[in-house]
Amino acid sequence: MARKINGPRIATANRLRDGLVVFLDGKGEWTRNLCGARVVENDAAIATLEQDAVAAAKANIVVDPYLIEVETCNGHGFVPVKHRERMRMKGPTAGNSLIFHG
Amino acid sequence: MYRYDEFDARFVRQRVSQFRNQVERRIEGELSEEEFRPLRLMNGLYLQLHAYMLRVAIPYGTLNSAQMRQLAAIAEKYDKGYGHFTTRQNIQYNWPKLSDVPDILDDLADVEMHAIQTSGNCIRNVTADHWAGVAADEVADPRPYAELIRQWSSLHPEFSFLPRKFKIAVTGAAADRAAIAFHDIGLRIKKNDAGETGFEILAGGGMGRTPLIAAPVRDWLPGEDLLAYLEAIMRVYNLHGRRDNKYKARIKILVRELGADEFTRQVEEEFARIDAPQVVPPEQELARISAYFAAPEYQDLPDDDPVHAKAIAEDAAFAAWASASVERHRVPGYAIVNISLKPVGGVPGDATAEQMRAVADLAEKYSLDEIRVTHEQNLVLPNVRKKDIHAVWQQLMEHALASANIGKATDIISCPGLDYCGLATARSIPIAQEISTRLGDDARQNEIGGLKIKISGCINACGHHHAGHIGILGLEKAGEEFYQVTLGGSGDENASIGEIIGPGFSGEEITDTVETIIDTYIGLRDDGETFLDAYRRIGPEPFKEAIYATH
Amino acid sequence: MPLIRNGDVIADSWVRHEDDAPLPADGDLILPLERLLHEGTQLAGRRGLTGVQLANTADVEEIESLLSCLALVTLEFPAFTDGRAYSQARQLRTKLGYSGELRATGNVLPDQAAFMRRVGFDSFEIACGQDIETWKNAPRAISLAYQRGYEGGAVTRYETNSACGASPAI
Ligand code: SF4
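Every value quoted in this text rests on a predicted model; they were computed, and no experiment measured them. (Residues numbered from 1 in each chain as written. Chains lettered and ligands numbered in written order. Predicted model: local features only at pLDDT ≥ 70, side-chain atom pairs only at ≥ 80, totals over all residues. Heavy atoms only, no water.)

Trainee: I'd like a description of the overall build of chain B, backed by residues and values.
Mentor: Helix and strand content of chain B: 19 helices and 21 strands. A compact globule built from 551 residues should have a C-alpha radius of gyration of about 24 Å, and chain B, at 23 Å, falls within 12% of that. Across the 551 residues that make up chain B, the buried fraction comes to 65%. Partitioning the contacts of chain B with sequence separation of at least 6, the portion at a separation of at least 24 is 68%. (Helix = DSSP H or I, 4+ residues; strand = E, 2+ residues; numbered from the N terminus. Rg over C-alpha atoms; globule rule 2.2 N^0.38 Å. Buried < 20%, exposed > 50% of the residue type's maximum accessible area, 1.4 Å probe, protein only. Contact = heavy atoms within 4.5 Å.)

In structure tokens, the structure reads:
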């Protein structure tokens, strides 16, 4: 998961039991809510975030964790920089999943 | 339809309990994700963009009503109440929990279904003509052979770790409704002058980033040699297919690099030395399987039904739907009824649990309990008496299943794309919806005529865009989705690969572009000429001019 | 490395002879393919048994003429996902009629043990630290098969549905 990126970032993964997208928050918990994600900028904090994410995968809480680059969105909150990550965060933009909340 | 005997039932249950054990070990932490991934993939369980996805095989596209009801029940119990029918006669559930998957597999086993080999570098679900056994133009029914291949390829000890995935399609008719030329192996059943059954064999077709039309390998193979010959092809591929580069690992690259003649020579050499009794099932085995596909008890009916004729004459909406959806059956008085899963503006291939149950009820009541799933993401009731068609239509309407667009511009194939798929580069569903909405007017669709639009969300081409009359490939550049257009592809017996028309278009432009292409065709076509025929006659230039002149 | 044969861990009597030194007259030796082809018929003079180590890119027909003097062939799985050796094994057993020991080496895991046995492997060189009990139980997870295997170990479809023969014990 070592990938060279710049700017603030957060850790994301899929939860082992149900596969849903989660983000690592400030308390070391994995949350479904991007707003709760722990955003880090300096090298030391990034290294810790990465270690925490890998540890959670080793502990079989999440699967395939990685860091993503985020940017501020009109002053309030953060959004992922990459298109794929924005889509992943938002959930499906079309289709029956929007209609059926099982 | 094939029914599991005790052997098949135990085989599938063993596989489920093996996987249940593996899932438990994973959740308990005894297996790491690296160790578990290949095991889950061999049972059709992916981790997609937002969640796990389970792909269930519908072997050669055949279902009965009990199976369809179970698919509906699974959608409600473990998912969000719907399923997605794919271009490979599978159904996908987008939201299962890992811990539920063993129970889902047990529920599937209750109705003689499974998810074995719907993923991984093995022989995938065998597909076939969705009108098998009922098509008027059929030489022989491909289903017994497809079932034989399904059994032979299930957990095959030699061919479970191939260089890459492997897809086999079978048809028993001259018209190719199974896209056999785009498969790793394509099989066409033939009869010789003596009335014996045999096969024409193609190999090395495929889509993806290197689309290729399969090469002819054998013009005639006696039917009893089928498995031995498949084994020879698989062995040559397993030994010599490239393993150094994932994108060059399919058999199509081996066939292309060796040349079709040399590839065929190697296969024939292997075949000549195969110990046939090791491979070939005893004759009674094929007879046992074939017996399940014996024609159902059709009634002796006149081909013309007065009730149906009257309904056609009196009800214009019914007549319009019937002309798109109803196909000739080989038995007088019966018809094949196609059900569109492409409501205008809807998601291609999705069906809700309620719709699945409605189709199951119709199959039970009107189609001798049979349903087919097509690679074009639609459903079929293969055995409807002509006098019942009107009643079927009325009930389809109640469930939003009566779109009169089979084979037309809004009968769009689309893969899940970036709304679900972890490999996608762009969305495909919203593009399909927008094009469908734009072209959805009945008069407009009739004016356009037969047209196949196919959309993939990345170069893997699950949406078969290379074989679309109009193909659309979603890509990404600098954080923006854009769409490349190909024209002139076809997946039928005159297969061709679509040609890239030029630079791509943004998501906002693509629908306009498709309309421009269609209008250009309408302006230039000869009387009664289809889009594909017109394109083959006039070539890409007029389309390029029309599209790029306005940009 | 532990060697498993017939469901038990056994002592490995074979020695890999990988350098250019002259072959000792005694002892069971595994030779690389080149060396084997080079020695050819002279092997007959040795008192010890001879085996060959084949890469998974080798054409098994290269050793066809020497099979009668070979007591062991090793085939390699560089990764368990690289399945070439399954086909080599099958060719050795059925096309060339080899009946000596056929050993799987490399990334050899219990999850694939049943497949390996069914194409003709009968010994397995496994990495240290693998659980032997898992190995012993592995072939039982799926005791039914749709294909006739080279070697039994599973009840096959054709045995249960036809008069081909009684089901062997699992
Ligand atoms: S074509 Fe690409 S985006 Fe579409 S389903 Fe296949 S892999 Fe996913």
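Trainee: Account for the overall build of chain A, naming residues and giving values.
Mentor: Counting its secondary structure elements, chain A contains two helices and five strands. Going from N to C terminus, chain A has its helices and strands arranged as β-β-β-α-β-β-α. Every one of the 102 residues in chain A was classed for burial, and the buried ones make up 46%. Nonlocal contacts in chain A, meaning residues at least 24 apart in sequence, comprise 50% of its contacts between residues at least 6 apart. In the form shown here, chain A has an accessible surface area of approximately 5400 Å², with 52% of it arising from carbon and sulfur atoms. (Areas by Shrake-Rupley, 256 points an atom, 1.4 Å probe, with all protein chains shown as cover.)

Trainee: So, the environment of aspartate 52 of chain A: which residues are in play, and what are the values?
Mentor: Residue and element names in this part refer to chain A. Relative to the helices and strands, aspartate 52 resides in helix H1 (residues 43–58). A relative accessible area of 31% means that aspartate 52 is categorised as partly exposed. Each C-alpha atom of the pair aspartate 52 and glutamate 29 lies 10.0 Å from the other, and the pair is 23 residues apart in sequence. If near-sequence neighbours (up to four positions away) are discounted, aspartate 52 is found in contact with Leu24 and Arg38.

Trainee: Could you give me a rundown of the interface of chain B and chain C, with the residues and numbers involved?
Mentor: At the interface, 43 residues of chain B touch 39 residues of chain C. For the chain B and chain C pair, buried surface summed over both sides reaches about 3600 Å², with 56% attributable to carbon and sulfur atoms. In terms of surface lost to chain C, no three residues of chain B exceed Phe7, Pro157 and Phe161 of chain B, which account for 21% of the buried area on that side. Connecting chain B to chain C are eight salt bridges. (Buried area = accessible area lost by both parts, 1.4 Å probe. Salt bridge = Lys/Arg side-chain N within 4 Å of Asp/Glu carboxyl O.)

Trainee: Outline the site of the ligand, supporting the account with residue identities and numerical values.
Mentor: Around the ligand sit Cys415, Pro416, Gly417, Cys421, Leu423, Ala424, Gly457, Cys458, Asn460, Ala461 and Cys462 of chain B, and those are all the residues in its vicinity. Of the residues that constitute the shell around the ligand, the class distribution is eight nonpolar, three polar and no charged. (Near = heavy atom within 4 Å. Nonpolar A, V, L, I, M, F, W, Y, C, P; charged D, E, K, R; others polar.)

Trainee: Pulling in residues and values, what's your account of the interface of chain B and chain A?
Mentor: Listed by partner, the interface residues are 36 residues for chain B and 24 residues for chain A. Both sides of the chain B and chain A interface together cover about 2500 Å² of buried area, and 56% of this is carbon and sulfur. Sorting the residues of chain B by area buried against chain A places Leu49, His50 and Lys80 of chain B first, and these three jointly supply 22% of that buried surface. At the boundary of chain B and chain A, one finds one salt bridge. Residue aspartate 64 of chain A is joined to arginine 37 of chain B by a salt bridge in which the shortest nitrogen-to-oxygen separation is 3.2 Å. Linking chain B with chain A are 14 residue pairs in polar contact (both at pLDDT 80 or more), by the criterion used here. Of all the secondary structure elements, the ones that give two or more residues to the side of chain B that touches chain A are helix H1 (6–28), helix H2 (33–41), strand E13 (350–352) and helix H15 (429–439) of chain B. Counting residues per element, the side of chain B that touches chain A draws most heavily on H15 of chain B, at three residues. Of the residues belonging to the side of chain B that touches chain A, the class tally is 15 nonpolar, ten polar and eleven charged. (Polar contact = N/O pair within 3.5 Å; in protein donor to acceptor, adjacent residues only side chain to side chain.)

Trainee: Lay out the packing of helix H7 (residues 251–258) of chain B against helix H8 (residues 260–272) of chain B in plain terms, naming residues and giving numbers.
Mentor: Packed helices, taken two at a time, are described by their axes: the angle between them and the distance between them. Residues and elements named next belong to chain B. Between H7 and H8, the shortest axis-to-axis distance is 5 Å and the interhelical angle comes to 110°. Comparing the axis directions of H7 and H8 gives the class roughly perpendicular. Across the interface between the two elements, Ile251, Leu254, Val255 and Leu258 of H7 pack against Ala260, Glu262, Phe263 and Gln266 of H8. Partitioning the contact of H7 with H8 into residue classes produces six nonpolar, one polar and one charged. (Axes fitted to C-alpha atoms, helices over the stretch in contact; angles between N-to-C directions. Parallel < 35°, antiparallel > 145°, perpendicular 65-115°, else oblique.)

Trainee: Report on the confidence of the model for chain B, specifying residues and quantitative values.
Mentor: Taken residue by residue, chain B gives an average pLDDT of 96. The fraction at 70 or more is 100%. Predicted complex, confidence summary: ipTM 0.93, pTM 0.95. (pLDDT = per-residue confidence, 0-100.)

Trainee: Give me the lowdown on the domain arrangement of chain B, citing residues and values where you can.
Mentor: Residues and elements named next belong to chain B. Structurally, chain B comprises domain 1 (6–110), domain 2 (134–291), domain 3 (306–398) and domain 4 (413–547). A separation of 27 Å is found between the C-alpha centroids of domain 1 and domain 2. Listed by partner, the interface residues are eight residues for domain 1 and eleven residues for domain 2. Taken together, both faces of the contact between domain 1 and domain 2 bury some 790 Å²; the carbon and sulfur share is 65%. (Domains from an automatic or database assignment.)

Trainee: Quick rundown of the packing of helix H17 (residues 510–524) of chain B against helix H19 (residues 541–549) of chain B? Include the residues and the values.
Mentor: All names here are of chain B. Their axes nearest at 9 Å, the elements H17 and H19 cross at an angle of 135°. Classified by the angle between their axes, H17 and H19 sit oblique to one another. At the point where H17 passes H19, the crossing takes the right-handed sense. Contacts between H17 and H19 involve Thr513, Thr516, Ile517, Thr520, Tyr521 and Leu524 on the former and, on the latter, Pro542, Phe543, Ala546 and Ile547. (Left-handed = near helix turned anticlockwise from the far one by under 90°.)

Trainee: Pulling in residues and values, what's your account of unusual backbone geometry?
Mentor: All names here are of chain B. Although it is not a glycine, leucine 368 sits at a positive phi angle of roughly 50°. Within the secondary structure, leucine 368 sits in the loop between helix H13 (353–366) and strand E14 (370–373). Non-glycine residue alanine 400 carries a positive phi angle of around 55°. Relative to the elements of secondary structure, alanine 400 occurs in the loop between helix H14 (389–398) and strand E16 (413–414).

Trainee: Give me the lowdown on the packing of aromatic side chains, citing residues and values where you can.
Mentor: All told, the structure shown has 24 aromatic pairs over all chains when counted by the stated rule. Taken together, a centroid distance of 4.8 Å and an interplanar angle of 90° make the contact between tyrosine 145 of chain B and phenylalanine 199 of chain B edge-to-face. Placement of tyrosine 145 of chain B in helix H5 (residues 143–153) and of phenylalanine 199 of chain B in strand E9 (residues 197–203) is noted, with a sequence separation of 54 residues between them. Across this residue pair, the class does not change: tyrosine 145 of chain B and phenylalanine 199 of chain B are buried. When the ring of phenylalanine 124 of chain C is compared with that of tryptophan 135 of chain C, the centres are 5.4 Å apart and the planes differ by 40°; the resulting orientation is tilted. Of this pair, phenylalanine 124 of chain C sits in strand E8 (residues 123–125) while tryptophan 135 of chain C sits in helix H4 (residues 132–137), and the two are eleven residues apart along the sequence. (Phe/Tyr/Trp six-rings, centres within 6.5 Å; stacked < 30°, edge-to-face > 60°.)

Trainee: Any details on the sheet that holds strand E2 (residues 21–24) of chain A? Residues and values, ideally.
Mentor: Residues and elements named next belong to chain A. Read across the open sheet, the five strands follow the order E3-E2-E1-E4-E5; overall the sheet is antiparallel. What marks the edges here is a single partner per strand, and that holds for strand E3 (30–31) and strand E5 (78–80). By the bridge criterion, three bridges tie strand E1 (residues 9–15) to E2 in an arrangement that is antiparallel. Bridging from a neighbouring strand, alanine 13 pairs with valine 22 of E2. Contacts from H1 reach E1, E2, E3 and strand E4 (62–72), with the element oriented near 150° to E4. (Pairing = 2+ DSSP bridges.)

Trainee: Describe the environment of tyrosine 46 of chain B, with residues and values.
Mentor: Residue and element names in this part refer to chain B. Mapped onto the fold, tyrosine 46 is located in strand E1 (residues 45–47). For tyrosine 46, a relative accessible area of 18% puts it in the buried group. Residues tyrosine 46 and serine 119, 73 residues apart in the sequence, show an inter-C-alpha distance of 8.2 Å. A polar side-chain atom of tyrosine 46 sits 3.3 Å from a polar atom in the side chain of serine 119.

Trainee: Help me get a handle on the pairing of strand E7 (residues 168–171) of chain B, residues and values and all.
Mentor: Residue and element names in this part refer to chain B. Side chains Ile168 and Val170 of E7 all project onto a buried face; the interleaved residues Ala169 and Thr171 project onto the opposite face, where all are buried too. Sheet analysis places strand E6 (residues 127–128) next to E7, joined by two bridges and oriented parallel. Considered in E7, the bridge of alanine 128 is made with valine 170. For the crossover from E6 across H5 to E7, the handedness is left-handed. In the sheet, E7 pairs with strand E8 (residues 185–191) via four bridges, with the strands oriented parallel. (Right-handed = clockwise from strand over helix to strand, strands pointing away.)

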